[in-house]
Each structure stands twice: as structure tokens, then as C-alpha cells.
Amino acid sequence: MSSPASDIPRLNRIVYASGSIAGNVISRSSALWLVFFFAPPADEKGLPTLIPRLTLGIIIVAITFLDSVDDPLIGFWSDRTQTRWGRRIPFVVFSTPVYAVSFALMWFPPGGDAGQFANAVFFFFFVWLHRLFSTLSGGPFESLLPEIAVTPQARVSIVTWQVFFGAIGAVIGLVVSGIIKDAFSFQAMGVTMAVIAFVSRYIALAGVWRYARTDVPPVRANPARAFRDTFRNRQFLYFLPTFVLFNMAGTLLTAILPFYAEAVVLTDGSLEVDALGRSFDLAEGAIAGILTGVAILVVVLTLPAVYRLSVRRGKAWVYSTAMLLGSLGFPFIFFMGFVPGVSVMLQSVLFVAFIGLPMAAVYTFPNAITADIIDYDEVRTGMRREAIYYGSQATIEKWAASLYAPILALILLAGETADDPLGIRLAGPVAGAASFLGWVCFRGYRLPDEVTAESVRAAGLSVDGPRSAAG
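Residues numbered from 1 in each chain as written. Predicted model: local features only at pLDDT ≥ 70, side-chain atom pairs only at ≥ 80, totals over all residues. Heavy atoms only, no water.

What follows is about the overall build of the protein chain. From N to C terminus, the protein chain includes 19 helices and 2 strands. The burial tally for the protein chain puts 59% of its 471 residues in the buried class. Contacts in the protein chain between residues at least 24 apart in sequence constitute 82% of all its contacts with a sequence separation of at least 6. Surface summary for the protein chain: the accessible area is close to 18700 Å², and the carbon and sulfur share equals 66%. (Helix = DSSP H or I, 4+ residues; strand = E, 2+ residues; numbered from the N terminus. Buried < 20%, exposed > 50% of the residue type's maximum accessible area, 1.4 Å probe, protein only. Contact = heavy atoms within 4.5 Å. Areas by Shrake-Rupley, 256 points an atom, 1.4 Å probe, with all protein chains shown as cover.)

Right, dumping it as C-alpha cells:
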């Protein structure tokens, strides 16, 4: 077992947490626009259909399956690495440039004249390449958290700041991306998001570099034993499906927003607003940006309350309650626009403001809960295996999250136009069902906020496990 480390200073925690901008800029802009760009709505006149939507969904599932295999292997590789920079930093340093460049290139397909097969091959290669280097850069970066933050207070502090900076990244990825896309092009948007992500991750790495531990011995277990021990940790199995299902629900709602803006809000083709003495015609990019911006604003405003509530009631209680609240709130997107006398836009704004409440809590705690699970694993096995847990979590998360594309394609078969938006409206109930399943899965989780052999025994959990994972 490695010797305990002291927490890094508060300023460095904040700088490390700012790396959440990178992941959210990329993931949110991709979730919002990737399907829309390659397989636009049927009544979208400005974009050609580069890949049929159902084919696109199948390709995304295939890419995600290949990509998900990399996560635990890269995590295992990282856990076994020993350098003068520690176990994680070399991965982040050398993978981040390819991670950013490959995202920018995704938005430069051959085009409609090249044919759907050429565009499908292009999509497969560059999205897979981006996902691979996203894992090589992001997995080890996230795995630094349990090493540098050893107390519950420090972990909650970091993950709270991560949500704050993640909200900034989400604003850029969801709001600013739409503005850039409307004003310039998808290509300009992709390049801009890539540059922001690159700079953000390197700044965050600079803040934590001096405090990354170099004294932790590399794990010497063979891969089969390491994976088996990981999935025998019952607390990990209770937690794993919860964030996976909620994240899939959030991704589905994000991906549906451009379709929702086009078919439900912009029923007359445009939305005119008056501001500062001028009139503006809002397109689907601006509408999607406004709606996501409202949700993100609510997330940021509720973070102090989420932090105080977690200190008083515990991370697990706040996380579980928020997931249940999301399962009750998500289905109401089905009814947006049905209230007489109230504009569809206003109803939509009120809806996304409400769903920002559970998102604030659910997106705050997964990294901190995973860090507690890793501490529990060390109590049981005597080894620090951060990366394999984050990698295994990412694998299952990607498998489930990839389902949003075929689910989106299937529900849109029920209707995706202004005359028949039934499929678009169904996204809310489907997301609510996923969130409810996540809440059910989490009912068995019992780890305390501070994980020690004594606190684990007091919670009624076993601390007996394999003392050596060699061989």
C-alpha cells in the first residue's frame, strides 16, 4: 500500500479542475451537432445528408465498441507505468495534441458529391481516432484526482470546481458553438472548439504537475486479475450503471435540441426577437444555445447549495435524490408548447431551467464517488488502481452512451417535422426512464464519504479481499 500524500494547495486544485473545460467543449459540441451535421433533419435545406441517419447510428455504435475496449487497457497501462513524471502525466502530454487536431478534422468531410460511402469511411476513421486519443489524454488526466486529493473535503472541492468549469465548457460547446456555426460554418466551429480544448487541458496539467505522485508503485497484477478484481467490487457495480444511464439521458436530450428548435420552436421558419432597439431572426443554432445556456446557468447557480447539502447529507444522498428528480422532470419535454397563451420558447426555457437542478448534482459527484470506490479497493487489496477503475467506467459508459444515436434515429421515425414532431417529443420520456433505472441501480451503494477500514466496517461492508494481485 502506498504512503498517504498531502493535498495540493487550493489554487492548484482550481487550476486542475479547470481542465473540465476541455472535455465539455468537445463532448457537448459533438453531442449537439455531430448527428445534425452528417444527417440533418428532412426539412433542413442548407445541409446535404452525408450519411443516412440509421447508418450513422450503427457506425457510432461500432466506433464506441472499439473505443470502449481501449479504456480499461489504457487504464491498466497507466497503472503499470513508472516514469520520473509519475504514472499519468506522459499520457496527457503526448496525446492531447492529437486529441484536439482529430476533433477539428472531423468537420471537414469529403462532401455530398463524394458519395455516402466515402463520407461514412471518413466519419468512422476520424471519430475513432479522436475517441482513441481522447482516452489516452483524458483517462490518465482524470485518474490524477484520487492521488492529489486525499480528504473528502478536497475531493468535493475539486469536483465542485470541475462542474463550475465544466459549465463554462458546456456554454462554449453548446451555446458559443451554435453562434459560430450560424455566423461562419461548422468547420470554423470545430477548429475553435479544438483550440480551446487543447489550451485548457495543458493549463490544467501545468497546475497539477508538481503535485502528481511519483512514489506510487506501479501495479504488477496481470490484466485478467486486475479486471476481475475491479468488477468484483460490489460498490463499483452499484454505482457504475447510474451515471452511465443518466449521461445517456443527458446526451439524448442534448442531441435532440437542434431538431426540437427546428420543428417545435421555429414552426414558422424563424423566431424574431427585439433587443437593444434591433430585431434579430434566430436560427436553430441560437435557439439550441439559449436553451442549453439557461440549463447551464441554473447548474452554476445551484452549485453552492449542492456543495452545502453534500457536506450535510453526504455525496451519495444528494446524487441519488437528484437522479430521481431528473427521472420525474425529463418527460415533461413531451408537453412543451401545449400550454395555451404561453409561447413555446418561454415554456421551453422554463423546462430546461428545471432540468438544470438534477444535472447540477448528478454531474458534480461521479469523479468523487469513483475516488471513494478506489479507496475502498485499496483497503481491500492494498493497491492503488485509479486508472483501471476510470477506464472500466468509461468503457461501460461509452457502450451505453453510444445507444443515444440509434435510439435517436428510432424515435425520430415517429416524427421529426413541424407537422409531426412526435418523435422529437418522445426523447423526454425515454430520457426519464433511463434516469429512473439509474436511481434504482444506486439503491445498493453504501460507502461512507470518508473511506477507511473502520468506516467501511461500520457501514456493514467487508474489507477482506486479496492482499496480493500478483500472478
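Having seen it, we continue.
In terms of nonpolar packing, the biggest core is built from 141 residues, with Trp 107, Phe 123 and Tyr 319 touching the most fellow members. The element contributing the most residues to this core is helix α10 (residues 234–265), with 20 residues. Discounting chain neighbours no more than four positions away, the residues touching Phe 123 are Leu 34, Phe 38, Ile 51, Leu 56, Ile 59, Ile 60, Ile 63 and Trp 128. (Core = buried A, V, L, I, M, F, W, Y, C linked by side-chain atoms within 4.5 Å.)

A rise of 1.5 Å per residue sets the reference length of helix α13 (residues 344–362), with its 19 residues, at 27 Å; its end C-alpha atoms lie 28 Å apart and thus fit the reference within 8%. The sharpest bend along α13 reaches about 25° and sits at Gly 356, with the proline Pro 358 one to four residues further on. Taken together, the buried positions of α13 are Met 345, Gln 347, Ser 348, Phe 351, Val 352, Ile 355, Gly 356, Pro 358, Met 359, Ala 360, Ala 361 and Val 362. (Expected span 1.5 Å × (residues − 1). Bend = angle between axes of the 7 residues up to and from the residue.)

In this section: the packing of helix α7 (residues 152–183) against helix α14 (residues 366–381). For the pair α7 and α14, interaxial distance at closest approach is 9 Å and the crossing angle is 150°. Here α7 is positioned roughly antiparallel relative to α14, judged by the angle of their axes. From α7, Arg 155, Val 159 and Gln 162 reach across to α14, where they touch Asn 367, Ala 368, Ala 371, Asp 372 and Asp 375. Residue composition of the contact of α7 with α14, grouped by class: 3 nonpolar, 2 polar and 3 charged. (Axes fitted to C-alpha atoms, helices over the stretch in contact; angles between N-to-C directions. Parallel < 35°, antiparallel > 145°, perpendicular 65-115°, else oblique. Nonpolar A, V, L, I, M, F, W, Y, C, P; charged D, E, K, R; others polar.)

Once that is clear, we can look at a nonpolar patch on the surface. Residues Phe 65, Leu 66, Val 69, Leu 73, Phe 124, Phe 125 and Trp 399 make up a contiguous nonpolar surface patch of about 620 Å² in total accessible area. Broken down by secondary-structure element, the contributors of at least two residues to the nonpolar patch are α3 (53–80) and α5 (116–143). Per element, the largest residue contribution to the nonpolar patch is 4 residues, and it comes from α3. Here Phe 65 shows up in helix α3. The class for Phe 65 is partly exposed, based on a relative accessible area of 47%. (Patch = residues over 30% accessible without salt bridge, like charges linked within 9 Å, V, L, I, M, F, W, Y side chains within 5 Å. Salt bridge = Lys/Arg side-chain N within 4 Å of Asp/Glu carboxyl O.)

Counting across every chain of the model gives 25 aromatic pairs. The interplanar angle of 50° and the centroid separation of 5.4 Å between the aromatic rings of Phe 37 and Trp 107 together place this pair among those described as tilted. Placement of Phe 37 in helix α2 (residues 20–38) and of Trp 107 in the loop between α4 (89–105) and α5 is noted, with a sequence separation of 70 residues between them. For Trp 107, a relative accessible area of 0% puts it in the buried group. Pairwise contacts between aromatic rings join Trp 33, Phe 36, Phe 37, Phe 38, Phe 103, Trp 107, Phe 123, Phe 186 and Phe 259 into one cluster. Against the face of Tyr 376 rests Arg 380, its NZ or CZ located 5.6 Å from the ring centre. (Phe/Tyr/Trp six-rings, centres within 6.5 Å; stacked < 30°, edge-to-face > 60°. Lys NZ or Arg CZ within 6 Å of the ring centre and 35° of its normal.)

With the rule as written, the count across this model stands at 4 salt bridges. Its salt-bridge partner being Lys 315, residue Asp 449 comes within 3.3 Å of it at the nearest N-O pair. Here the residue Asp 449 occupies a position in the loop between α18 (427–441) and α19 (453–458), and Lys 315 occupies one in helix α12 (residues 315–329), the gap between them amounting to 134 residues. Exposure remark for Asp 449: the relative accessible area of 28% places this residue in the partly exposed category. Taking relative accessible area as the criterion, Lys 315 reaches 2% and is therefore assigned buried. Within this structure, Lys 315, Asp 372 and Asp 449 form a network of salt bridges that share partners.

Our next topic: the environment of Phe 236. Position of Phe 236 among the secondary structure elements: in helix α10. In the structure, Phe 236 is positioned 134 residues away from Thr 370 in sequence and 7.6 Å away in space, judged by C-alpha atoms. Sequence-distant contacts of Phe 236, that is, excluding residues within four places in its chain, are made with Thr 230, Phe 231, Ile 373, Tyr 389, Ser 392 and Gln 393.

Direction vectors running N to C along α10 and α18 enclose 170°, while the axes themselves pass 7 Å from each other. Comparing the axis directions of α10 and α18 gives the class roughly antiparallel. For α10 against α18, the interelement crossing comes out left-handed. In this structure, α10 uses Tyr 238, Pro 241, Thr 242, Leu 245, Phe 246, Met 248, Ala 249, Leu 252, Leu 253 and Ile 256 to contact α18, whose residues at the interface are Ala 427, Gly 428, Val 430, Ala 431, Ala 434, Ser 435, Leu 437, Gly 438 and Cys 441. Here the contact of α10 with α18 is composed, by residue class, of 15 nonpolar, 4 polar and no charged. (Left-handed = near helix turned anticlockwise from the far one by under 90°.)

This paragraph deals with the confidence of the model for the protein chain. Per-residue confidence for the protein chain gives a mean pLDDT of 81, with 88% of residues at or over 70. Mean pLDDT values over the elements of the protein chain span from 57, in strand β1 (residues 271–275), up to 92, in helix α8 (residues 186–208). Per-residue pLDDT stays below 50 along residues 1–5; that stretch engages in 13 contacts with residues further than four places along the chain or on separate chains. (pLDDT = per-residue confidence, 0-100.)

Before going further, it helps to spend a moment on α7. Compared with the 46 Å implied by 1.5 Å per residue over 32 residues, the 45 Å span of α7 between its first and last C-alpha is a close match. Most pronounced at Val 176, the bend in α7 amounts to some 35°. Among the 32 residues that make up α7, 23 are buried, leaving the element largely enclosed by the rest of the structure.

Mapping Ser 310 onto the fold places it in helix α11 (residues 284–313). Here Ser 310 falls in the buried class, since its relative accessible area comes to 2%. Those residues in contact with Ser 310 that sit more than four places away from it in its chain are Val 156, Lys 315, Val 318, Phe 365 and Asp 449.

Here the focus is the environment of Leu 408. With respect to the helices and strands, Leu 408 occurs in helix α16 (residues 404–412). On a C-alpha basis, the gap between Leu 408 and Ile 424 in space is 8.5 Å, while along the polypeptide they are 16 residues apart. Ignoring sequence-local partners within four residues, the contact set of Leu 408 consists of Val 35, Leu 252, Ala 255, Ile 256 and Phe 259.

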